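Given next are the chains, with one letter for each unit.
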Amino acid sequence: MSEINLEEQEFIYSFKKQYLQIVPLYNLNWQPIPSNLSVSAQAEILSIIKEYHIPNKITNNYTVQCLKKIINIIEKNFCEMNEDLLNFYLNLLFEEKNDNTNANNNININLNSTLITTINNNNNTSNNNINKTNEEDNNTWWKIYSLDKSCNNIIKLLEDKSMISKGTTGLRTWEASLRLSEYFIQNPKICKNKNIIELGAGIGLLSLICAKLGAKTVLATDVNCDVLQRLQQNIEANQLLLEKENCTIPKVEKLDWNEKYLDMSEYKNLDLIICADVIYNPENIEPLVNILSIFLKAIPLITIILCNPLRQQSTYDLFLEQLNKHNITIHIELIDQVPMIFYHDEEFSQIQMTIINKKDE
Ligand SMILES: C[S@@+](CC[C@H](N)C(=O)[O-])C[C@H]1O[C@@H](n2cnc3c(N)ncnc32)[C@H](O)[C@@H]1O
């Protein structure tokens, strides 16, 4: 087979990084599109897909749509088609069609069985549990966030596909976490050798980034049990990689902002508090600011960095009001100039940082 040229290599890097992050199909941007995609380059793409499609639980539909786009490029440029790639695509397309038919049949079966269940009034709990596990399994996939273009420096996270599941927003990575991660990568001194706590950590991207950037310790906290469990699972999934790089392994702990009393002896060495996308629910603002104020009273020089998209100005105003009530002064910075490292699927021009005790790093 022929050698893969530079233009093709760049395309393969771009494809791989986006495929591993499972960037939404409407946002895929594999620029620059090469003028030729040789049989060897296609073989490389196929080997990437084969390596990650099943282990990362990437859906058949997502992979089929990616392959369809690639086949379009091949056809448009009149390139020779790699038969293995084409066969893989056709098999997957067939499987996907079958999956859809089965899903439709299942709906019919479920409708019928609901009727029968109602008639018999026969609750079968073990079947319910199996359905619940399948549902959970179908709603998650492994996303890989790469800090470099060739996917050698990565963080992998088991994420929910939906924005809200099990009554929480914490089971997926939000835009503010991605942007604040990029800000820290750009300014690594903020994290280097620091003792860091994350509030409302969700499934852990930001805490893991801090560990990668050389934090001395990282404590990732949240309130929701499902979130805490997933956070622990994700930290364990990255443990080997972190150990190889001699990085600290984040610890997980439950911390509810509604806690009225905190044993500060546990936290006295902290240098930095970080929070991404925690200013969204008006009901949570008062407890959030209360907990920040408890930390500030115990450690007056601690730096606090919050990052959030400006969804509702009224919610942010409420946050400012509460800060004011506690005599906490802040510094606001927009984050739009920070270079992007990951792929983003939301409008993020309105993401801002609120900093308390800003230090010049
Ligand atoms: C929108 S999610 C953001 C998750 C993560 N920081 C991110 O940006 O991907 C908000 C997080 O705040 C957590 N949270 C909400 N109320 C909380 C509370 N009272 N105490 C601690 N965490 C809370 C939720 O469980 C959830 O994980």
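Since we're looking at a predicted model, the values are computed, not measured.

Trainee: Looking at this structure, how should I read the nonpolar core?
Mentor: Soluble globular proteins tend to pack their nonpolar side chains together in the buried interior. Counting 55 residues, the largest nonpolar core has Cys-210, Ile-274 and Ala-276 as its most contacted members. The leading source of residues in this core is helix 7 (residues 205-212), at 6 residues. Here Ile-274 is in contact with Leu-180, Ile-196, Glu-198, Leu-206 and Ile-305, once residues within four sequence places are set aside. Counting 15 residues, the second-largest nonpolar core is a separate cluster that includes Phe-11, Ile-45, Ile-70 and Ile-74.

Trainee: Explain the pairing of strand 3 (residues 195-199) here, please?
Mentor: Regular strands place side chains that alternate from one sheet face to the opposite one. Here strand 3 lies mainly inside the structure; 4 of its 5 residues are buried. Since strand 3 and strand 4 (residues 217-222) lie parallel, the crossover through helix 7 that links them has a hand, and here it is right-handed. Of the strand pairs in this sheet, strand 3 and strand 6 (residues 272-276) are connected by 4 bridges, and their pairing is parallel. Looking across to strand 6, one finds that Ile-197 is bridged to Ile-273.

Trainee: I'm lost on the site of the ligand in this one. Help?
Mentor: Within the structure, the ligand sits among 23 residues, and Gly-170, Ser-177, Gly-200, Gly-202 and Val-223 are positioned closest to it. Those elements that provide at least two residues to the shell around the ligand are helix 6 (175-186) and helix 9 (282-298).

Trainee: Explain the sheet that holds strand 9 (residues 351-356) here, please?
Mentor: Remark on secondary structure: sheet strands pair via backbone hydrogen bonds, oriented parallel or antiparallel. Across the sheet, which stays open at both edges, the 7 strands sit in the order 5-4-3-6-7-9-8 with mixed pairing between neighbours. Only two strands of the sheet have a single neighbouring strand rather than two, namely strand 5 (251-254) and strand 8 (331-334). Averaged over neighbouring strand pairs, the angle between their axes works out to 20 degrees when direction is ignored. Summarising the sheet, strand 7 (residues 303-309) and strand 9 pair through 6 bridges and their orientation is antiparallel. Bridging across to strand 9, Pro-309 finds its partner in Ile-351. Packing against the sheet, helix 8 (residues 225-244) makes contact with strand 4 and strand 5, and its axis sits at approximately 175 degrees to strand 5.

Trainee: So what exactly am I meant to see when it comes to the environment of Val-278 here?
Mentor: Mapped onto the elements of the fold, Val-278 is located in the loop between strand 6 and helix 9. Sequence separation between Val-278 and Leu-199 is 79 residues; the distance between their C-alpha atoms is 8.2 Å. Not counting the four nearest positions on each side in its chain, Val-278 is found in contact with Leu-199, Gly-200, Leu-288 and Leu-306.

Trainee: Help me out: how do you make sense of the confidence of the model for the chain in this one?
Mentor: The predicted model of the chain averages 90 in pLDDT, with 89% of residues at 70 or higher. Considering only residues more than four positions removed or in separate chains, one finds that residues 107-126, a stretch of pLDDT under 50, has 1 contact.

Trainee: How do you make sense of helix 1 (residues 6-21) when you look at a structure like this?
Mentor: The terminal C-alpha atoms of helix 1 lie 23 Å apart, and with 16 residues this matches the ideal 22 Å at 1.5 Å per residue to within 8%. Those residues of helix 1 not exposed but buried are Glu-8, Phe-11, Ile-12, Phe-15, Lys-16, Lys-17, Tyr-19, Leu-20 and Gln-21. Buried positions along helix 1 lie against helix 2 (39-52), helix 3 (60-76) and strand 1 (140-146). Looking one or two residues past helix 1, Ile-22 carries a phi angle of roughly 50 degrees, positive in sign.

Trainee: Which parts of the structure should I look at to understand unusual backbone geometry?
Mentor: Trans peptide bonds make up most of the peptide bonds, and negative phi angles are found at most residues other than glycine. Backbone torsion omega between Gln-31 and Pro-32 reads -10 degrees, so that peptide bond is classified as cis. With respect to the element layout, Pro-32 can be found in the loop between helix 1 and helix 2. Non-glycine residue Cys-151 carries a positive phi angle of around 60 degrees. Here Cys-151 lies in the loop between strand 1 and strand 2 (154-160). Taking the C-beta count within 10 Å as the criterion, Cys-151 has 18 such neighbours and is therefore assigned partly exposed.

Trainee: Where do I start with helix 8 in this structure?
Mentor: For an α-helix, the turn length of 3.6 residues means that residues three or four places apart are oriented alike. When the terminal C-alpha atoms of helix 8 are compared, their 29 Å separation across 20 residues agrees well with the 28 Å that a helix rising 1.5 Å per residue should span. Within the span of helix 8, buried status applies to Val-227, Leu-228, Arg-230, Leu-231, Asn-234, Ile-235 and Asn-238. Buried-residue contacts for helix 8 involve strand 2, helix 7, strand 4 and strand 5. Directly beyond the C-terminal end of helix 8, a positive phi value near 60 degrees is found at Asn-246.

Trainee: Would you mind showing me how to read the packing of helix 6 against helix 7 here?
Mentor: Between two packed helices, what matters for the description is the angle formed by their axes and the separation of those axes. Interaxial distance between helix 6 and helix 7 falls to 9 Å at its minimum, and their mutual angle equals 10 degrees. One element, helix 6, and the other, helix 7, form an angle in the roughly parallel class. Contacts from Ser-177, Leu-180, Ser-181, Phe-184 and Ile-185 in helix 6 reach Leu-205, Leu-206, Ile-209 and Cys-210 in helix 7. Across the contact of helix 6 with helix 7, the residue classes tally to 7 nonpolar, 2 polar and no charged.

Thresholds applied
- Residues numbered from 1 in each chain as written.
- Predicted model: local features only at pLDDT ≥ 70, side-chain atom pairs only at ≥ 80, totals over all residues.
- Core = buried A, V, L, I, M, F, W, Y, C linked by C-beta atoms within 7 Å.
- Buried ≥ 20, exposed ≤ 12 C-beta atoms within 10 Å, placed from the backbone.
- Helix = DSSP H or I, 4+ residues; strand = E, 2+ residues; numbered from the N terminus.
- Contact = placed C-beta atoms within 7 Å.
- Right-handed = clockwise from strand over helix to strand, strands pointing away.
- Pairing = 2+ DSSP bridges.
- Near = placed C-beta within 6 Å.
- Axes fitted to C-alpha atoms, helices over the stretch in contact; angles between N-to-C directions.
- pLDDT = per-residue confidence, 0-100.
- Expected span 1.5 Å × (residues − 1).
- Parallel < 35°, antiparallel > 145°, perpendicular 65-115°, else oblique.
- Nonpolar A, V, L, I, M, F, W, Y, C, P; charged D, E, K, R; others polar.

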